[in-house]
Each structure stands twice: as C-alpha cells, then as structure tokens.
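For reference, the chains in residue letters:
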Amino acid sequence: MKLVNIKFFSIAAFLLIGITATAQKGDRQYNNWSIEAQTGYHVPLAPNKFVDLGDYDGAFKQFQAGVRYMITDTYGVRAHYSFLNFENPSEIVEGGVKFNRVAIEGVANVWKVANVEGEFKENIGLLFHLGGGVTFANPSGSKGTDHIGNIIVGFTPQFRISDNFALFADISYMANIKQHYSYGGELFDLGYKHETGGLVNLSLGLSVSFGNREEHADWYYED
C-alpha cells in the first residue's frame, strides 16, 4: 500500500467526522460526542507461518483511544488509534512485531436498530461497529514498516455509570490484508508475497461523553 494512500485515508477519516459534525445543527436533545480508551487481550488467529500463535497472544499489551460522533441517536462514526505488541514471552525465542493502527468505522445502536423494548436500555447498551483501517507494523527483525490494510467488525456492550460516563467491553475481529511479516517478526517470503491474517481483540474501557445536553445519544429515547 503506497504511503500517499495511507495519508489520504488518515486525513479522510478525520475530515469525515468534521463534516458530519457540521451537517446536523438542529435542536438536538442529546450529546453527539464521546471519547474512549480501552485495553485488554488480543489473540492472533492467522497466519501461523513460522510461529505457534498461542505464544503471541497477550493481556494488556495493547491500547486503543478513539473519538465517536453520533450523526443521529442511532448511527455514528468513530475514528481510533490502536497499539498492539506481539511478543513471545519465552526467553529462548526472541522476536515479535508492533502494530500501530488508525481506523474509521460506522457505528450503530443495536437496540434502536432492532426496536428492542425494555427499561434495561436506560443503563445497558449495545453498539455494532464496522469499518476499515491501516496498520503500520514494525517487525523486530527489520528496520522497515509493513503497511497492512484492515477490515474491522465488532460489538460493544455498554454499562451506563452516569449521564457522561460509561464502562464498556468490546469484542472485535480484525482482518489483516497483505500481511508480509509473521507475529514473530519474520518475513514470509523473500519475494515479498503477502499472507492474509486475522486476530480477535477483547477489551474493557471507559467512554466519556460531553456537550450541553443532559445525556448522550446512546441513552436518548423519545418519550
């Protein structure tokens, strides 16, 4: 993936949020913006070339921070940055790779899309997210950077603490398109042929909403 395309993707992601932020200026009854941070456990699923994948999963070897803007009380967009560190804990086997990812996703409130009924919605939420990103991978055995395309899909259960704070869990699957290095840092092919990879991410985090309305779009329901 060419560097110019990566820069274009990153710029487009934040421009899209800026555009949607000005597209809706009506008399809203809810706050649109929230920021979030999370950490957790990642499990590489593929490719398994050169490595035993179970050696490269890890707890608290990742961090993600993002910003979300809800265009309506049901649909929104989210941009985030993620860092994941894959390393073998063995003192005998050295090597690994660090992932730095930027991504943009569409977000939907599952309860509202599915017209779910119940008072539990006032404090328990569920979001679905789907989008794409670019990972800048730095293998331990190389000074270069591997540029990997990503497709991301997942669900985010939420628990409302107050009008502005919510705890959440997240389970996401990330497909790695054109991955050239293993999770141990080895190049797959001297001819630079790529593999298709994937991993699951399990995390816990905190989201903070802000604005001059009483509550965030996630918890707003018309009477």
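Owing to the predicted nature of the structure, the values given are computational and were not obtained by experimental measurement.

A.B. asks: Looking at this model, I keep getting lost on empty space enclosed by the protein. Mind explaining?
C.D. replies: Leftover empty space is mapped by rolling, across the atoms, a probe with the size of a water molecule. All told, the structure shown has five cavities of 30 Å³ or more when counted by the stated rule. As a volume, the largest cavity reaches approximately 90 Å³. The residue inventory of the lining of the largest cavity, partitioned by class, reads three nonpolar, five polar and three charged. What the second largest cavity holds in volume is close to 80 Å³.

A.B. asks: Explain the nonpolar core here, please?
C.D. replies: Nonpolar side chains in soluble globular proteins tend to end up buried together. Counting residues in each nonpolar core, the largest one holds 12 residues, listed as Tyr-56, Leu-84, Phe-86, Val-97, Phe-99, Ala-103, Ala-137, Ile-148, Ile-152, Met-174, Tyr-183 and Leu-199. Among the elements that take part in this core, strand β5 (residues 96-109) stands out by supplying three residues, more than any other. Those residues within four positions of Ile-148 in sequence are excluded, and the remaining contacts are Phe-99, Gly-133, Val-134, Thr-135, Ala-137, Asn-176, Ile-177, Lys-178 and Gln-179.

A.B. asks: Hey, could you run me through unusual backbone geometry in this one?
C.D. replies: Glycine aside, residues mostly have negative phi angles, and peptide bonds mostly take the trans form. The omega torsion across Ala-46 and Pro-47 is -5°, close enough to zero to call that bond cis. Looking at where Pro-47 falls in the secondary structure, it is placed in the loop between β1 (33-46) and β2 (58-59). In this model, Phe-60 sits at a positive phi of 60°, which is unusual for a non-glycine residue. Position of Phe-60 among the secondary structure elements: in the loop between β2 and β3 (62-70). Even without a glycine there, the phi angle at Lys-178 is positive, about 60°. In this fold, Lys-178 is placed in strand β8 (residues 165-179). Under the relative-accessibility criterion, Lys-178 is labelled partly exposed at 45%.

A.B. asks: Which parts of the structure should I look at to understand the packing of aromatic side chains?
C.D. replies: How two aromatic rings sit relative to each other is set out by the distance from centre to centre and by the angle between their planes. The tally for this structure, following the rule as stated, stands at seven aromatic pairs. Seen from their ring centres, Trp-111 and Phe-120 are 5.4 Å apart, and the 85° between their planes marks the pair as edge-to-face. Among the aromatic residues, those joined into a ring-pair cluster are Phe-86, Phe-99 and Tyr-183. For Lys-112, the ring lying beneath its charged end belongs to Tyr-221, and the centroid distance is 4.8 Å.

A.B. asks: Can you walk me through the pairing of strand β4 (residues 75-87) in this structure?
C.D. replies: Of the strand pairs in this sheet, β3 and β4 are connected by nine bridges, and their pairing is antiparallel. Opposite Val-67, over in β4, you have Ala-79 as the bridge partner. Hairpin connection between β3 and β4: a loop of four residues separates the two successive antiparallel strands. With 13 bridges joining them, β4 and β5 adopt antiparallel strand pairing. In the sheet register, Gly-76 faces β5, and the bridge partner there is Val-107.

A.B. asks: Quick question: what am I supposed to make of the side chain of Thr-156 here?
C.D. replies: With respect to the secondary-structure elements, Thr-156 resides in strand β7 (residues 146-160). We classify Thr-156 as buried; its relative accessible area is 7%. Only 2.5 Å separates the side chain of Thr-156 from the side chain of Asp-170, close enough to count as a polar contact.

What counts and how
- All residue numbers here refer to positions counted from 1 along the written sequence of the relevant chain.
- The predicted nature of this model means local features are confined to residues of pLDDT at least 70 and side-chain atom pairs, given and counted, to a pLDDT of 80 or more, with totals for whole chains, interfaces and linings taken over all residues.
- Side-chain metrics rest on all non-hydrogen atoms present in the structure, leaving aside hydrogens and water.
- Grid points spaced at 1 Å and placed over the protein atoms alone form the basis of the search, with a cavity being a set where a 1.4 Å probe fits but cannot get out and a pocket an open set showing protein on both sides within 12 Å along at least five of seven lines. Lining residues have an atom within 4 Å of a point.
- Grid points are joined across faces, edges and corners, and a volume is the space filled by probe spheres set on the points.
- Amino acids outside the nonpolar list (Ala, Val, Leu, Ile, Met, Phe, Trp, Tyr, Cys, Pro) and the charged list (Asp, Glu, Lys, Arg) are all regarded as polar, and Gly is one of them.
- By nonpolar core we mean a set of buried residues, namely Ala, Val, Leu, Ile, Met, Phe, Trp, Tyr and Cys, connected to one another through side-chain atoms within 4.5 Å.
- Residue exposure (1.4 Å probe, protein chains only): buried if accessible area is under 20% of the type maximum, exposed if over 50%, otherwise partly exposed.
- Numbering of helices and strands runs from the N terminus, with a helix taken as a DSSP run of H or I at least four residues long and a strand as a DSSP run of E at least two residues long.
- Only heavy atoms matter for contacts: two residues are in contact if any of them lie within 4.5 Å across the pair.
- Between rings of Phe, Tyr and Trp, where Trp is taken as its six-membered ring, a pair exists when centres lie within 6.5 Å; planes separated by under 30 degrees are stacked, by over 60 edge-to-face, and by other angles tilted.
- Only when the NZ atom of a Lys or the CZ atom of an Arg is both within 6 Å of the ring centre and within 35 degrees of the ring normal do we say a charge sits over the ring.
- Between any two strands, at least two bridges found by DSSP are needed for them to pair.
- Identification of polar contacts relies on pairs of N or O atoms within 3.5 Å, with a donor-acceptor requirement for protein atoms, meaning one able to donate a hydrogen and the other able to accept it, and with residues adjacent in sequence counted only if both atoms are side-chain atoms.

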